[in-house]
Amino acid sequence: MGRGQERTPLRHRVRYLFDRTLARSTGTLLGWLAACCLAVVVPVSTLLVWTDPDAPHSFSGRLAQVWRTSAETLRLGAVTGAPTRMLLSVLLGLIALLCVSTVVGVVTTGLGEQLTELRRGRSRVLERDHDVVLGWNDQIVTVIRELIAGRAGGGRHVITVLADRDPAQTETALTAALGAAHGARLVCRSGNLTDPDDLALVTPAAARAVVVLPAEDAHGDPTTVRTLLALRTLLADGPGPRVVAAVHDGRCLPAARLAVGPRGTVLETDRTAARLLVQSARRPGMPAVLRDLLDFSGAEFHVTDMPEAVGLTFEEVALRLEASCAVGLLRDGRPLLTPAARTVLEPGDRLVTVAHDDRATPLPDRWAAVDTTAVAPPGTVPEPPSRLLLLGWNRRAPMIVDTLSRTAGPGSSLDIVTDPGTDLGRALPRQEAPGPGPGAAAPALAVTHHTLDLAAPEALHGLELSAYDSVIALGEDHGTSPDGSDSPTLLALLTLRSWEERTGRVLPVVAELHDRRSGRVAPLGHTSDIVVRGELTALVMAQIAHAPELAAVFEEIFTVRGGALALYSADHYVLPGREAAFATVAAAALARGECAIGYHAHTPRAARRYGAVRLSPAKSERRVWQAEDEVLVLTAGPGRPGGAGPGQRVLPGPGRQRSEPGGPGEEAGLR
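The model shown is predicted, which means the values in this text are computed figures rather than measured ones.

Our focus in this paragraph is the overall build of the protein chain. When you go through the protein chain residue by residue, the secondary structure sums to 19 helices and 22 strands. Looking at the protein chain as a whole, 48% of its 671 residues are labelled buried. By sequence separation, contacts in the protein chain at least 24 residues apart represent 75% of the contacts at least 6 residues apart. Working note: accessible area of the protein chain is about 33,300 Å², and carbon and sulfur atoms make up 56% of it.

Here is the structure:
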């Protein structure tokens, strides 16, 4: 028999007939449902009656009992007697069943619509003094985690998230990443960030702070500006929530600041990340230091009122504080960081410190003990020439080249290695030939561009890696990688780590990653570190949302000064092998126009050379200082003079009298 004459199996024909019958109409479906119910209920009821010893003995009586049992099961009534009465009973039962089913259907539909509306996140949030986060990107978990930590122990705390995505998925993702947040509750809503009606769902006017996250798409910055304009229509003039936003491109920064108005702060993520990469290449260990300094888990920046310090010099206040490190002042809302040691505090000045909490502590009457015999001889720390290798290219690469060209020491060089076909545009600085005179200076930074297939590990083997002082490995921009992963950067790290193991040499590498989880599997060497894109900006945004007066401080440190935080060898401040209190280090730093805020103790045979930095140690804490130890200081920034030149001041002693204000050192600090 041919294939065309094969008989279809019976079960397939029955199933096809059944499906076709059910597809005809709702009445057919109800008919089949009734037939199936009767096919089960009637035989079972008959079996129950015939096996009941108390059932009627007559056949008609047993049939009546079967009817009553079936009718009670189907809720059709149990009236017996004349056929007319039984039909009327069935009719009433069907009408009652129809009414009840209709009511149940209406209630179920209404509840379903309400649940659907709740899942869409379209109900208005009725909260006050809550934190609002607008948008969604890779750093939202960091921002929310820090907002929760910043208000820990402050009672009930609500964080509302508005994003153009499903709120159920948003809440699930955040809960999985954050875990149980004691004392904090997440409320997620869905809407268009540029629509004032959707922004009104999270009640921004009643919030404590509003954080606008930068979008990662091609139109992210214009969207941020439109969001700030829409937010402005909901916030009345006068007191209101503090608004913190961020943009990627500095060209959109003026427009965003105009849109947010005087109540807000707008940060630039790309330039901040570029400066951090440069600073990490020059000062290995800085990413971990900044994470410790900007999160809420340890010591961080604070602005405190200290009226009892009025009339004292900054040096006296800094050395009297036992458990915190003074780094500057806020005078009329303007930051005055690393001021001259003889700067006198005036009424209304607020002290900027690094401390473990913001609790006000009385100013001690006594100075910390300073051992002047343990202080290292004063001297400058010039920026030595360096040779750097830049692997990869993205939108932050031109900013890295620009920063290096302006701050590199004379004789420095930068080799850029990109994939073939990469257009560097006008990112490379012009290499001007030195003049004919003997005093003509050569360019501070010599830049060379090479093209190699970075996806091939053997491509880097052709470079003379041992000649470089450090390597910067850039990640791809968001959306340029097919899977949006850090795979190219991880491959470059693996190749560099293999070279270190094969040659036995150490090569400091700082890698830019897109996902913090990639850092857990990154093959980092002894002196290597990672910079997670946007993480520093997220930490700063959370700090400003918690304390808006810090906005001017962070602007001065990360934008105006650019690289003002540095790790210097301890032998710049104290003699190696001498035991001294941290107050001696702080006094030596003040003599150089710097403010010491912590140190990193060298640990031999450590898995990672740059471990945790001890922030804001007690001034009385004593230890034997080694040349390998490092001191974390706040400086005037690359290429800027400090508040006091080395060797121009006498170190403080317990009996030294405070000098009068008005000297040249004070004027240097009031810039």
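On we go from here.
Okay, the sheet that holds strand 9 (residues 334–337) next. Judged by pairing direction, the sheet is antiparallel, and its 4 strands sit side by side in the order 7-10-8-9 without closing on themselves. For this open sheet the edge positions go to strand 7 (300–305) and strand 9, each flanked by a neighbour on one side alone. Along the sheet, successive strands turn relative to each other by an average axial angle of 30°, direction set aside. Docked against the sheet, helix 17 (residues 550–560) engages strand 7, strand 8 (325–331), strand 9 and strand 10 (350–355), running at close to 50° with respect to strand 9.

A sheet is described by the order of its strands in space; here 6 strands give the open sequence 13-12-11-14-15-16, paired in parallel fashion. Whereas interior strands pair on both sides, the edge strands pair on one side only; in this sheet they are strand 13 (445–451) and strand 16 (529–532). Strand-to-strand twist of the sheet, defined as the mean angle between neighbouring strand axes without regard to direction, takes the value 20°. With 5 bridges joining them, strand 11 (residues 387–391) and strand 12 (residues 412–418) adopt parallel strand pairing. Counterpart to Leu 391 in the pairing with strand 12 is Val 417.

So, on to the side chain of Thr 537. Structurally, Thr 537 is set in helix 16 (residues 535–546). Once you skip the residues sitting within four places of it in the chain, Thr 537 turns out to touch Ala 246, Leu 267, Thr 269 and Thr 272.

With that out of the way, let us pick up the packing of aromatic side chains. Counted by the stated rule, this structure contains 4 aromatic pairs. Linked through ring pairs, Phe 301, Phe 554 and Phe 558 together constitute an aromatic cluster. In this structure, Arg 592 packs its charged tip against the face of Tyr 573, placed 5.3 Å from the ring centre. In this structure, Arg 623 packs its charged tip against the face of Trp 625, placed 4.9 Å from the ring centre.

As a further point, take the packing of helix 8 (residues 220–234) against helix 9 (residues 253–260). Two quantities define a packed helix pair, namely the angle between the helix axes and the distance between the axes. Their axes nearest at 8 Å, the elements helix 8 and helix 9 cross at an angle of 10°. Judged on the interaxial angle alone, helix 9 and helix 8 are roughly parallel. Residues Val 225, Leu 228, Leu 229 and Arg 232 of helix 8 lie in contact with helix 9, whose contacting residues are Ala 255, Ala 256, Leu 258, Ala 259 and Val 260. By residue class, the composition of the contact of helix 8 with helix 9 is 8 nonpolar, no polar and 1 charged.

Counting buried residues along strand 5 (residues 242–247), 5 of its 6 residues qualify, which places the element largely inside the surrounding structure. Bridge count for strand 4 (residues 209–212) against strand 5 is 4 bridges, and the pairing is parallel. Looking across to strand 5, one finds that Val 210 is bridged to Val 243. What joins strand 5 to strand 6 (residues 264–268) is helix 9, and the crossover it makes is right-handed.

The next thing to look at is the pattern of salt bridges. Tallied over the full model, the rule gives 26 salt bridges. When the shortest N-O distance is used, the salt bridge between Asp 131 and Arg 151 registers 3.7 Å. Taken as a pair, Asp 131 in strand 1 (residues 131–134) and Arg 151 in the loop between helix 5 (140–150) and strand 2 (157–163) lie far apart in primary sequence, 20 residues in all. Here Asp 402 and Arg 406 are joined by a salt bridge, their closest N and O atoms 3.1 Å apart.

To continue, consider the environment of Thr 175. With respect to the element layout, Thr 175 can be found in helix 6 (residues 167–178). What makes Thr 175 partly exposed here is its relative accessible area of 42%. For Thr 175 and Val 141, which are 34 residues apart along the polypeptide, the C-alpha to C-alpha distance reads 9.5 Å.

What follows concerns helix 8. Its 15 residues give helix 8 an end-to-end C-alpha distance of 21 Å, which sits within 8% of 21 Å, the value for a rise of 1.5 Å per residue. Every buried residue of helix 8 is listed here: Gly 220, Asp 221, Thr 224, Val 225, Thr 227, Leu 228, Ala 230 and Leu 231. Buried residues along helix 8 sit in contact with strand 1, helix 7 (196–199), strand 4, strand 5, helix 9 and strand 6.

Parameters at a glance
- Residues numbered from 1 in each chain as written.
- Predicted model: local features only at pLDDT ≥ 70, side-chain atom pairs only at ≥ 80, totals over all residues.
- Heavy atoms only, no water.
- Helix = DSSP H or I, 4+ residues; strand = E, 2+ residues; numbered from the N terminus.
- Buried < 20%, exposed > 50% of the residue type's maximum accessible area, 1.4 Å probe, protein only.
- Contact = heavy atoms within 4.5 Å.
- Areas by Shrake-Rupley, 256 points an atom, 1.4 Å probe, with all protein chains shown as cover.
- Pairing = 2+ DSSP bridges.
- Axes fitted to C-alpha atoms, helices over the stretch in contact; angles between N-to-C directions.
- Phe/Tyr/Trp six-rings, centres within 6.5 Å; stacked < 30°, edge-to-face > 60°.
- Lys NZ or Arg CZ within 6 Å of the ring centre and 35° of its normal.
- Parallel < 35°, antiparallel > 145°, perpendicular 65-115°, else oblique.
- Nonpolar A, V, L, I, M, F, W, Y, C, P; charged D, E, K, R; others polar.
- Right-handed = clockwise from strand over helix to strand, strands pointing away.
- Salt bridge = Lys/Arg side-chain N within 4 Å of Asp/Glu carboxyl O.
- Expected span 1.5 Å × (residues − 1).

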